[in-house]
Amino acid sequence: MPTLIPKPIRVTAVGNKPKLIDEYVGRMNSRTSNISVAHMRSPGGWEEPGQTPEFREITLVLAGTLRVEHKGGVMDVHAGQTVVCEPGEWVRYSTPDEEGAEYVAICTPAFSPGTVHRDN
(Lines give C-alpha, C1' and ligand atoms only; values in the text may rest on other atoms or scores of the structure.)
Protein backbone atom coordinates (compact mmCIF):
# COMPACT_ATOMS: atom_id res chain seq x y z
CA MET A 1 0.00 0.00 0.00
CA PRO A 2 1.40 3.46 -0.83
CA THR A 3 2.48 5.66 2.07
CA LEU A 4 1.52 9.32 2.06
CA ILE A 5 4.04 11.71 3.56
CA PRO A 6 1.84 14.73 4.27
CA LYS A 7 4.60 17.29 4.74
CA PRO A 8 8.35 17.63 5.20
CA ILE A 9 10.20 18.20 8.44
CA ARG A 10 12.44 21.27 8.69
CA VAL A 11 15.99 20.20 9.54
CA THR A 12 18.67 22.42 11.07
CA ALA A 13 21.42 23.22 8.59
CA VAL A 14 25.16 23.56 9.11
CA GLY A 15 27.00 26.45 7.52
CA ASN A 16 27.89 30.10 7.79
CA LYS A 17 24.39 31.39 6.84
CA PRO A 18 20.84 30.11 7.41
CA LYS A 19 19.82 27.46 4.89
CA LEU A 20 16.41 25.81 4.61
CA ILE A 21 16.31 22.02 4.54
CA ASP A 22 12.98 20.23 4.25
CA GLU A 23 13.29 16.45 4.59
CA TYR A 24 10.51 14.56 2.82
CA VAL A 25 11.92 11.05 3.22
CA GLY A 26 14.62 10.06 5.68
CA ARG A 27 15.53 9.17 9.21
CA MET A 28 13.60 12.03 10.83
CA ASN A 29 10.41 12.38 8.79
CA SER A 30 9.58 8.88 7.57
CA ARG A 31 11.91 6.80 9.75
CA THR A 32 13.55 5.56 6.55
CA SER A 33 17.20 4.51 6.80
CA ASN A 34 17.97 3.35 3.24
CA ILE A 35 17.27 6.66 1.43
CA SER A 36 16.64 10.32 2.16
CA VAL A 37 15.14 13.04 -0.03
CA ALA A 38 15.47 16.68 1.00
CA HIS A 39 14.62 20.02 -0.63
CA MET A 40 17.32 22.62 0.04
CA ARG A 41 17.30 26.40 -0.37
CA SER A 42 20.58 28.12 0.41
CA PRO A 43 21.36 31.85 0.17
CA GLY A 44 24.14 33.43 -1.83
CA GLY A 45 27.46 33.20 -0.03
CA TRP A 46 26.45 30.10 1.97
CA GLU A 47 29.11 27.46 2.61
CA GLU A 48 29.46 24.45 4.86
CA PRO A 49 32.45 22.51 6.17
CA GLY A 50 33.94 19.81 3.97
CA GLN A 51 32.73 16.26 4.52
CA THR A 52 33.58 12.66 3.72
CA PRO A 53 30.20 10.93 3.96
CA GLU A 54 29.50 7.22 4.10
CA PHE A 55 26.50 7.68 1.78
CA ARG A 56 26.08 8.38 -1.94
CA GLU A 57 24.60 11.83 -2.56
CA ILE A 58 22.75 12.71 -5.75
CA THR A 59 22.00 16.43 -6.04
CA LEU A 60 19.62 17.87 -8.64
CA VAL A 61 19.94 21.65 -8.92
CA LEU A 62 16.57 23.31 -9.58
CA ALA A 63 17.69 26.96 -9.56
CA GLY A 64 20.94 28.88 -9.20
CA THR A 65 24.40 27.32 -8.91
CA LEU A 66 25.75 24.83 -6.38
CA ARG A 67 29.54 24.73 -6.09
CA VAL A 68 31.10 21.37 -5.27
CA GLU A 69 34.73 21.34 -4.18
CA HIS A 70 36.43 17.94 -4.29
CA LYS A 71 39.96 16.52 -4.08
CA GLY A 72 40.40 16.99 -7.85
CA GLY A 73 39.19 20.60 -8.04
CA VAL A 74 35.94 22.57 -8.18
CA MET A 75 32.74 22.02 -10.15
CA ASP A 76 29.80 24.40 -10.57
CA VAL A 77 26.46 22.62 -10.97
CA HIS A 78 23.78 24.77 -12.60
CA ALA A 79 19.97 24.59 -12.74
CA GLY A 80 18.91 21.47 -14.63
CA GLN A 81 22.15 19.62 -13.86
CA THR A 82 22.87 16.82 -11.39
CA VAL A 83 26.01 15.84 -9.52
CA VAL A 84 26.67 12.44 -7.92
CA CYS A 85 29.15 12.15 -5.04
CA GLU A 86 30.19 8.66 -4.00
CA PRO A 87 30.69 7.40 -0.42
CA GLY A 88 34.13 8.13 1.00
CA GLU A 89 34.71 11.03 -1.40
CA TRP A 90 35.62 14.38 0.24
CA VAL A 91 33.34 17.23 -0.90
CA ARG A 92 32.43 20.73 0.21
CA TYR A 93 29.22 22.42 -0.93
CA SER A 94 28.60 26.15 -1.28
CA THR A 95 26.43 28.64 -3.16
CA PRO A 96 28.75 31.44 -4.25
CA ASP A 97 26.37 33.38 -6.49
CA GLU A 98 24.21 36.16 -5.09
CA GLU A 99 20.92 34.38 -5.86
CA GLY A 100 21.94 31.24 -3.97
CA ALA A 101 20.55 27.88 -5.06
CA GLU A 102 17.58 25.56 -4.75
CA TYR A 103 18.20 21.83 -5.05
CA VAL A 104 17.09 18.34 -4.08
CA ALA A 105 19.51 15.99 -2.33
CA ILE A 106 18.96 12.22 -2.40
CA CYS A 107 21.22 10.14 -0.14
CA THR A 108 21.62 6.35 -0.07
CA PRO A 109 21.65 5.21 2.63
CA ALA A 110 19.79 8.07 4.27
CA PHE A 111 21.66 11.14 5.50
CA SER A 112 22.76 10.96 9.12
CA PRO A 113 24.85 13.39 11.17
CA GLY A 114 26.82 10.36 12.36
CA THR A 115 27.81 9.27 8.85
CA VAL A 116 28.52 12.64 7.16
CA HIS A 117 31.96 13.07 8.81
CA ARG A 118 32.32 16.84 8.55
CA ASP A 119 35.74 18.47 8.78
CA ASN A 120 36.57 19.97 12.16
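Basis of the calculations
- Residues numbered from 1 in each chain as written.
- Predicted model: local features only at pLDDT ≥ 70, side-chain atom pairs only at ≥ 80, totals over all residues.
- Heavy atoms only, no water.
- Helix = DSSP H or I, 4+ residues; strand = E, 2+ residues; numbered from the N terminus.
- Buried < 20%, exposed > 50% of the residue type's maximum accessible area, 1.4 Å probe, protein only.
- Contact = heavy atoms within 4.5 Å.
- Polar contact = N/O pair within 3.5 Å; in protein donor to acceptor, adjacent residues only side chain to side chain.
- Disulfide = S-S within 2.5 Å.
- 1 Å grid on protein atoms, 1.4 Å probe; cavity = no way out; pocket = protein on both sides within 12 Å on 5 of 7 lines; lining within 4 Å.
- Points joined across faces, edges and corners; volume = space filled by probe spheres on them.
- Nonpolar A, V, L, I, M, F, W, Y, C, P; charged D, E, K, R; others polar.

### Digging into the environment of Glu 102
Right, so step 1: By secondary structure assignment, the location of Glu 102 is in strand β9 (residues 101–108).
Right, so step 2: Judged by its relative accessible area of 28%, Glu 102 is partly exposed.
Right, so step 3: Taking the C-alpha atoms as reference points, Glu 102 and Gly 80, separated by 22 residues in sequence, lie 11 Å from one another.
Right, so step 4: Contacts of Glu 102, omitting those with residues within four sequence positions, involve His 39, Met 40, Arg 41, Val 61, Leu 62 and Ala 63.
Right, so step 5: A polar atom in the side chain of Glu 102 sits 2.6 Å from the side chain of His 39.

### Topic: the state of the cysteines
Right, so step 1: Per the counting criterion, the structure on display carries 0 disulfides.
Right, so step 2: Cys 107 supplies the cysteine sulfur nearest to Cys 85, a cysteine that is in no disulfide, at a spacing of 9.7 Å.
Right, so step 3: On the basis of relative accessibility, which here comes to 6%, the residue Cys 85 falls in the buried class.

### Observations regarding the layout of surface pockets
Right, so step 1: For the largest pocket, the calculated volume is near 450 Å³.
Right, so step 2: Lining the largest pocket are 29 residues, and of these Val 11, Ile 21, Met 40, Phe 111 and Arg 118 sit closest to its centre.
Right, so step 3: Looking at the lining of the largest pocket, the elements with two or more residues in it are β2 (20–25), β3 (36–42), β5 (56–70) and β9.
Right, so step 4: Top contributing element to the lining of the largest pocket by residue count: β3, with 4 residues.
Right, so step 5: Of the residues belonging to the lining of the largest pocket, the class tally is 18 nonpolar, 5 polar and 6 charged.

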